[in-house]
Amino acid sequence: MACFFRRRIAEKLGRTLQQSEEAFIPALSAVPVFKKQQAADFRLSVSTLRISGILPSSGDIQLQTEDLATRLKQDADAVVEDISAGCAVINFRLNRTLLAQKTLEPFGKGEDDKFGLNSELFKTLKRGTTLVEYSSPNIAKKFHAGHLRSTIIGNFIANLKQSLGNRVIRMNYLGDWGMQFGLLGAGFGQFGCQEKLKQNPLQHLFEVYVQVNKEAEHDEDVKQAARDFFRQLEQRESEAVSLWQKFREITVDEYQQVYKRLGVHFDIYSGESFHQDQAQEVVQQLQSRGLLKTVENGAGVVDLSPAGDMSSVCTVLRSDGTSLYITRDLAAAMDRTEKHHFDEMIYVTDKSQVNHFHQLFQILLAMGHTWADRCHHVPFGLVRGMKTRSGEVVFLEDVLDEARARMLHNMSQAKTTKEMENPEDTAEKVGVSALIVQDFKGPLLSDYTFDWDRMLQARGDTGVFLQYTHARLRSLMWRNEGVEAATFDPSLLLDQASVVILQHLLRYDEVLYQSAQDLQPKHLVNYLLKLSHMSASAHRELPVKGSPQDVAQARLRLFSAACSVLANGMRILGITPVDRM
Ligand code: ARG
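**A look at the pattern of salt bridges**
Piece 1. A full pass over the atoms with the stated rule returns 31 salt bridges.
Piece 2. Between E133 and R336 there is a salt bridge, with the nearest N and O atoms lying 3.1 Å from each other. With E133 in strand β5 (residues 129–133) and R336 in helix α12 (residues 325–340), this residue pair connects regions lying 203 residues apart in the sequence.
Piece 3. Look at R336 and you get buried, because its relative accessible area is 2%.
Piece 4. Across the pair R261 and E428 runs a salt bridge whose closest N-O atoms are separated by 2.8 Å. Of the two residues, R261 is situated in helix α10 (residues 238–262) and E428 in helix α15 (residues 423–440); the sequence distance between them amounts to 167 residues.
Piece 5. The exposure class of R261 is partly exposed, given its relative accessible area of 23%.
Piece 6. Three or more residues joined by partner-sharing salt bridges are found here, namely R7, E21, E22 and E120.

**Remarks on the sheet that holds strand β12 (residues 375–380)**
Piece 1. Read from one edge to the other, the open sheet built from 5 strands follows the order β7-β6-β5-β11-β12, with strand pairing classed as parallel. Lying at the two open borders of the sheet, with one neighbouring strand each, are β7 (268–271) and β12. With direction set aside, neighbouring strand axes in the sheet form an average angle of 25°.
Piece 2. Where strand β6 (residues 167–174) meets β7, 4 bridges bridge the pair, whose relative direction is parallel. Bridging across to β7, L174 finds its partner in G271.
Piece 3. On top of the sheet, α10 reaches β6 and β7; it is set at about 135° to β7, its chief contact.

**Quick look at the site of the ligand**
Piece 1. Around the ligand sit E133, S136, N138, H147, Y173, Y325, D329, Y347, T349, Q353 and F357, and that is every residue in its neighbourhood.
Piece 2. Between the ligand and H147 there is a distance of 2.8 Å, counted from an oxygen atom to a side-chain nitrogen or oxygen.
Piece 3. With respect to the ligand, the side chain of Q353 contributes an N or O atom lying 3.1 Å from an oxygen atom.
Piece 4. Its free accessible area being 350 Å², the ligand has 90% of it covered by the protein chains.
Piece 5. Mapped onto the shell around the ligand, the elements with two or more residues apiece are α12 and β11 (344–350).
Piece 6. Its residues assigned to classes, the shell around the ligand shows 4 nonpolar, 5 polar and 2 charged.

**What about the environment of T129?**
Piece 1. Among the secondary structure elements, T129 is positioned in strand β5.
Piece 2. Distance in space between the C-alpha atoms of T129 and M345 is 8.5 Å, their sequence separation being 216 residues.
Piece 3. Setting aside chain neighbours within four positions, we find T129 in contact with R167, I169, H340, H341, F342, D343 and E344.
Piece 4. Of note is the side chain of T129, whose polar atom sits 3.2 Å from the side chain of R167.

**Considering the environment of C375**
Piece 1. Mapped onto the elements, C375 comes out in strand β12.
Piece 2. The exposure class assigned to C375 is buried, which follows from its relative accessible area of 5%.
Piece 3. Placed 104 residues apart in sequence, C375 and G271 show a C-alpha to C-alpha distance of 18 Å.

**A look at the side chain of H377**
Piece 1. Locating H377 in the fold gives a position in strand β12.
Piece 2. Here T349 takes part through its side chain, which lies 2.8 Å from a polar atom of the side chain of H377.
Piece 3. Every residue in contact with H377, bar those within four places of it in the chain, is listed here: Y347, T349, D350, Q353, V354, F357 and F361.

**So, the side chain of R328**
Piece 1. Structurally, the position occupied by R328 is in helix α12.
Piece 2. Judged by its relative accessible area of 8%, R328 is buried.
Piece 3. In this structure the side chain of R328 is engaged in a polar contact, spanning 3.2 Å, whose partner is the side chain of S323.
Piece 4. If we skip the residues at most four places from it in the chain, R328 touches Y173, W177, E272, H275, Q276, A279 and S323.

**Observations regarding the environment of F440**
Piece 1. Mapped onto the fold, F440 is located in helix α15.
Piece 2. Distance in space between the C-alpha atoms of F440 and I152 is 9.1 Å, their sequence separation being 288 residues.
Piece 3. When neighbours within four sequence positions are excluded, F440 is seen to be in contact with I152, I153, F156, P521, K522, V525 and L573.

**Concerning helix α11 (residues 276–288)**
Piece 1. For α11, with 13 residues, the first-to-last C-alpha span of 19 Å sits near the 18 Å given by 1.5 Å per residue.
Piece 2. When α11 is considered as a whole, its buried residues turn out to be Q276, A279, V282, V283 and L286. The arc that holds every buried residue of α11, seen down its axis, measures 100°, which confines them to one face. Relative to its buried face, α11 has exposed residues pointing more than 90 degrees away, namely Q284 and S288.
Piece 3. Lining the buried residues of α11 we find α9 (220–234), β8 (292–294), β9 (300–303), β10 (313–317), α12 and α13 (354–366).
Piece 4. The positive-phi residue at the C-terminal boundary of α11 is G290, with phi of around 75°.

**Considerations on the packing of helix α18 (residues 496–505) against helix α20 (residues 522–541)**
Piece 1. Look at α18 against α20: their axes get within 9 Å of each other, and the N-to-C directions meet at 160°. As far as their axial angle goes, α20 and α18 are roughly antiparallel. Note that α18 runs across α20; the crossing there is left-handed. The residues of α20 that touch α18, namely those facing A497, V500, I501, H504 and L505, are Y527, K530, L531, M534, S535, A538 and E541.
Piece 2. Taken together, the residues of the contact of α18 with α20 break down into 8 nonpolar, 2 polar and 2 charged.

**Examining unusual backbone geometry**
Piece 1. The phi dihedral of S135 is positive, around 75°, even though this residue is not glycine.
Piece 2. In the Ramachandran plot, A140 falls in the positive-phi region, its phi being about 75° despite a non-glycine side chain.
Piece 3. Tracing the sequence through the fold places A140 in the loop between β5 and α5 (145–163).
Piece 4. Judged by relative accessible area, A140 falls into the buried class, the value being 6%.

Reading the values: the criteria
- Residues numbered from 1 in each chain as written.
- Predicted model: local features only at pLDDT ≥ 70, side-chain atom pairs only at ≥ 80, totals over all residues.
- Heavy atoms only, no water.
- Salt bridge = Lys/Arg side-chain N within 4 Å of Asp/Glu carboxyl O.
- Helix = DSSP H or I, 4+ residues; strand = E, 2+ residues; numbered from the N terminus.
- Buried < 20%, exposed > 50% of the residue type's maximum accessible area, 1.4 Å probe, protein only.
- Pairing = 2+ DSSP bridges.
- Axes fitted to C-alpha atoms, helices over the stretch in contact; angles between N-to-C directions.
- Contact = heavy atoms within 4.5 Å.
- Near = heavy atom within 4 Å.
- Polar contact = N/O pair within 3.5 Å; in protein donor to acceptor, adjacent residues only side chain to side chain.
- Areas by Shrake-Rupley, 256 points an atom, 1.4 Å probe, with all protein chains shown as cover.
- Nonpolar A, V, L, I, M, F, W, Y, C, P; charged D, E, K, R; others polar.
- Expected span 1.5 Å × (residues − 1).
- Arc of directions from axis to C-beta.
- Parallel < 35°, antiparallel > 145°, perpendicular 65-115°, else oblique.
- Left-handed = near helix turned anticlockwise from the far one by under 90°.

Laid out in structure tokens, this is it:
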């Protein structure tokens, strides 16, 4: 395992430089593999040692590097076979038989799903309770591409944090309050239909909402009725409340079904409505701390300008005394700290809300809530052109249906497709992986153009390719079930195709570490795509069938490791690996 080798090299460095070996762990990294195997397996960054004060930061860095390499070489050892100076780095080449043995050892012990997770790299990470808020659609309104992105990104972050040993609370914060309910309430009597509401709630609520909105544009009476209904709701009048409750309940039920298809779940369905009353308390607290200013039109604002000259303010109270989106968010954040005692809280929304969250955290800090420093916003870019064959996407379900239908079609066309019990289910899982990989390949902040054909390609860098590779490896395992034995001979894995996979496996913990640092899924996605490419070529070059028993055994161990790491990584991304396709 990477740990074993990193530790051995660190010990060596510690002895040579008379320092604690711990200090070297962060400066060591596994060498990334490009196509061909690398001569070195690990490298040490000399500039990191200079920055951390282990080596003098003055003087010629290259001389320093060469000098250190020479000293290290004197401490010969059976694990590290060769040491050489590169450009401000020191390269370490491991004994290749040991590389295979140590890396593949955990896979014979039934510890496949823990591979890489106990790495010492994670020792410095803070573990605790992480609250991740994601998806957060608005009732009766469109579920847009931004909500889909928030759903899958939030799910990834929650999965990652959980695998690294945190307690994770998954929260959905519904847009379940505000004037849209005034309109819905007023319009439902006129345009609503109980039957349709039962059959297709999301669709029907949306239709009613669109229709009543249109009416309200030119009809003052409708507008007035909406205001009246919303007031009744705010005053907790039972008829209004029970209609609202019904809308909310059926929406949540319906969403839960759709989230299930995506492989996503939530521990808590919270929403803006929960914090309506608390929002007024927040306003009072702001006032008592002298943070609330009333402006000309009667609205309440908080001055956020550095100079205190009101050049940048945030409105927290409308002139009619009602609260706003941010006021409810302030209340919600305070409520969550109290109830869930989180160590960190992560909000996932599109980048148009960067300023909103910045202001939210700023106001919390101004109120003396130092824990606001442990709240983070993960913003992402826009998706262009998310359309289905029947037109614009309104519901999440539309996207999932289309992904499944297209995938089913592709599967029926492909000659390689296997017989399976439930092709629809497989098509759904593979379709979802295609959506996820397309979305996660680049930096989250970048915008991208949605492209059905490209994301569903079987051979490109797609979710389909990940699934295909995984299914092939799984079937290789089955077909050879008798062969795989408890032991294997690592010296039979010294060929190029095996070594690149082993070298790549050494990097898995670093890649997870990197993702945990910046919460970007691209590191893991690209890692898994590369692992798939390597495994696919190894599969072609290293036959199992027809090879002598010991060779077959060793190769199967290698493939089973690749398959497990692929599956583990896919699960963190939010993809359910399929065994057959
Ligand atoms: N419902 C909001 C929207 O659709 C997103 C909510 C994000 N979370 C929050 N705490 N403000 O834009």
